[in-house]
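Chain and residue survey
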Amino acid sequence: MTKKTKLGATGPEVFPMALGCMGLGEQGAYGNSDDTESIATVQMAIERGVNLIDTGDFYSMGRNEMLVGKALKGRRDKALLSVKFGGMRGPDGQFVGFDTRPNAIKNFLSYSLARLGVDYIDIYRPARLDPSVPIEDTVGAIADLVKAGYVRHIALSEVGADTIERAVKVHPIVDLQIEYALISRGPEAKIFPVLSKHAIAVTAYGVLSRGLLTGSKATGPGDFRAHSPRFQGENMQKNGKLVEELEKFAASKKLTPAQVAIAYVRAKGAALNVTVIPTIGSRNRAQLESALSALDVSLTPADVATLEAAVPASEVAGSRYVQAQMQMLDSEK
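The following refers to the structure shown. All figures in this text were calculated on a predicted structure; none of them were measured in a lab. (Residues numbered from 1 in each chain as written. Predicted model: local features only at pLDDT ≥ 70, side-chain atom pairs only at ≥ 80, totals over all residues. Heavy atoms only, no water.)

Here helix 3 (residues 102-116) contains 15 residues, and its C-alpha end-to-end distance of 21 Å stays within 8% of the 21 Å for a straight helix at 1.5 Å per residue. For helix 3, every residue scored as buried is listed here: A104, I105, F108, L109, S112, L113 and L116. Taken around the axis of helix 3, the buried residues stretch over an arc of 170 degrees, which confines them to a single face. Pointing more than 90 degrees away from the buried face of helix 3 are the exposed residues N103 and A114. On its buried face, helix 3 sits against helix 2 (63-72), strand 5 (80-85), strand 6 (87-89), strand 8 (121-126), helix 4 (135-147) and strand 9 (151-154). The positive-phi residue at the C-terminal boundary of helix 3 is G117, with phi of around 70 degrees. (Helix = DSSP H or I, 4+ residues; strand = E, 2+ residues; numbered from the N terminus. Expected span 1.5 Å × (residues − 1). Buried < 20%, exposed > 50% of the residue type's maximum accessible area, 1.4 Å probe, protein only. Arc of directions from axis to C-beta. Contact = heavy atoms within 4.5 Å.)

Have a look at this one:
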């Protein structure tokens, strides 16, 4: 039986891997998917012990939450719901900004509770820092919802070290959701030391770099990767060489690139005194089975050093988001 770990100093006990649900649903960010298979994937995850289920109220304009709600019916007591809020979208699906004002937070939460069919959220977090609202006000508003029983724990997403330091003065933070992978190691320099200091965990998304590390390609214009700088033209060619090195390393260990990528972030987190929970966006049961197998893989410090030398993050071509989105990330400042 896989041993659970604590999500930060004040958080709940969690399975060492989380299920990220953004790609589930007909209008998923990685191409179309089947609702029946999506629900079966969530339910299989829970059956296998995965208790941290991550979604966002703006994923498919609320449809994702409704799908997760269906999957959790009769299983609520086995799941910890992690919900991101604040992202605003127009009827055409385009993002139109972020809103984390206290009254807006109450509104977002009310609709999430209704769509998910639950009476509380386990872990609630702003999806991004709203530059017009002090983080103290945002965290304070969620803290009021904790007192009222609608939220159990507070977390953050894609924020920098200074913001984290300000947030923890208002209320304990259980985890930071941020992109972290073999080729996305930016958080290690300034953010991880602060997380270690306050015993805050990381729920790491993009561990497989949106499929780049496993050879995936865009399925159509609605696929996130169709617009991702790392998947374009010369960038893709350069990054492909790094992926080849990862494949060679994996083959030498008789593992898959996905297994190595997942094992890497867990091993590196431990080395940096930060609990890293890979949040894997498995879109079907086969992908989930593959991801779970990575929990049986352990990389030694020597393995990590060899891997980092073979796949240097400094050689990655292209940013992880388009420039306009990168400029909105507090974690990149």
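Attention now goes to the pairing of strand 11 (residues 175-179). Of all the five residues making up strand 11, five are buried; the element is thus mostly covered by neighbouring parts of the structure. Burial along strand 11 is two-sided: the residues D175, Q177 and E179 and L176 and I178 are all buried. Relative to strand 11, strand 10 (residues 156-157) runs parallel, the two sharing two bridges. Paired with L156 across the two strands is L176, which belongs to strand 11. Taken together, strand 10, helix 5 (residues 161-168) and strand 11 constitute a β-α-β crossover, and its handedness is right-handed. Note that strand 11 and strand 12 (residues 201-205) share five bridges and pair parallel. Bridge pairing links Q177 to T203 in strand 12. (Pairing = 2+ DSSP bridges. Right-handed = clockwise from strand over helix to strand, strands pointing away.)

Next up on the list: the packing of aromatic side chains. Scanning all chains against the criterion turns up five aromatic pairs. Relative to Y59, the ring of F58 has its centre 5.2 Å away and its plane inclined at 85 degrees; by these criteria the two rings are edge-to-face. Of the residues examined, Y59 reaches a relative accessible area of 8% and is grouped as buried. Residues F85 and Y124 carry aromatic rings whose centres are separated by 4.5 Å and whose planes lie at 25 degrees to one another, so their mutual orientation is stacked. With a gap of 39 residues between them, F85 in strand 5 and Y124 in strand 8 connect regions that are remote in the sequence. Judged by its relative accessible area of 0%, Y124 is buried. Over the ring of F95 we find R89, and its NZ or CZ is 4.6 Å from the ring centre. Directly above the aromatic system of Y120 lies the positively charged group of R152, at a separation of 3.7 Å from the ring centroid. (Phe/Tyr/Trp six-rings, centres within 6.5 Å; stacked < 30°, edge-to-face > 60°. Lys NZ or Arg CZ within 6 Å of the ring centre and 35° of its normal.)

Turning our eyes to something else, we now look at the nonpolar core. Counting residues in hydrophobic clusters, the biggest one holds 87 residues, and the most contacted among them are Y124, L156, I164, L195, L299 and L307. Per-element accounting of this core gives the leading share, eight residues, to helix 8 (residues 257-271). Excluding anything up to four places from it in sequence, I164 contacts L156, V159, L176, I191, V194, L195 and I200. Counting residues in each nonpolar core, the second largest holds ten residues, with L7, L52, A201 and I277 among its members. (Core = buried A, V, L, I, M, F, W, Y, C linked by side-chain atoms within 4.5 Å.)

On the basis of which strands lie adjacent, the open sheet formed by nine strands has the order 9-8-5-4-3-13-12-11-10 and parallel pairing. The two strands at the open ends of the sheet, each matched to only one other strand, are strand 9 and strand 10. One ladder, built from three bridges, connects strand 12 with strand 13 (residues 276-280); its direction is parallel. Bridging from a neighbouring strand, A204 pairs with P278 of strand 13.

In this section: the layout of surface pockets. When its volume is computed, the second largest pocket comes out at roughly 400 Å³. Lining the second largest pocket we find 21 residues, and of these G186, I191, S331, E332 and K333 sit closest to its centre. Sorting the residues of the lining of the second largest pocket by element identifies helix 5, strand 11 and helix 6 (187-197) as the ones contributing at least two each. For the lining of the second largest pocket, the element with the most residues is helix 6, which contributes four residues. Each residue belonging to the lining of the second largest pocket can be placed in one class, and the counts come to six nonpolar, six polar and nine charged. (1 Å grid on protein atoms, 1.4 Å probe; cavity = no way out; pocket = protein on both sides within 12 Å on 5 of 7 lines; lining within 4 Å. Points joined across faces, edges and corners; volume = space filled by probe spheres on them. Nonpolar A, V, L, I, M, F, W, Y, C, P; charged D, E, K, R; others polar.)

Moving on, we get to empty space enclosed by the protein. Rolled over the atoms, a probe sized like a water molecule indicates the empty space that remains. Per the stated rule, a full pass over the model turns up one cavity of 30 Å³ or more. In this structure, the largest cavity spans a volume of roughly 40 Å³. Lining the largest cavity, in full, are E179, S209, R210, L212, S228, R230, F231 and R320.

Before going further, it helps to examine the packing of helix 5 against helix 6. At a minimum axis distance of 9 Å, the contact between helix 5 and helix 6 shows a crossing angle of 20 degrees. One way to sum up the angle between helix 5 and helix 6 is to call them roughly parallel. Every pair of crossing elements has a handedness; the one defined by helix 5 and helix 6 is right-handed. Together, A161, I164 and E165 of helix 5 and K190, I191, V194, L195 and K197 of helix 6 make up the contact between the two elements. When grouped by side-chain class, the residues that make up the contact of helix 5 with helix 6 number five nonpolar, no polar and three charged. (Axes fitted to C-alpha atoms, helices over the stretch in contact; angles between N-to-C directions. Parallel < 35°, antiparallel > 145°, perpendicular 65-115°, else oblique. Left-handed = near helix turned anticlockwise from the far one by under 90°.)

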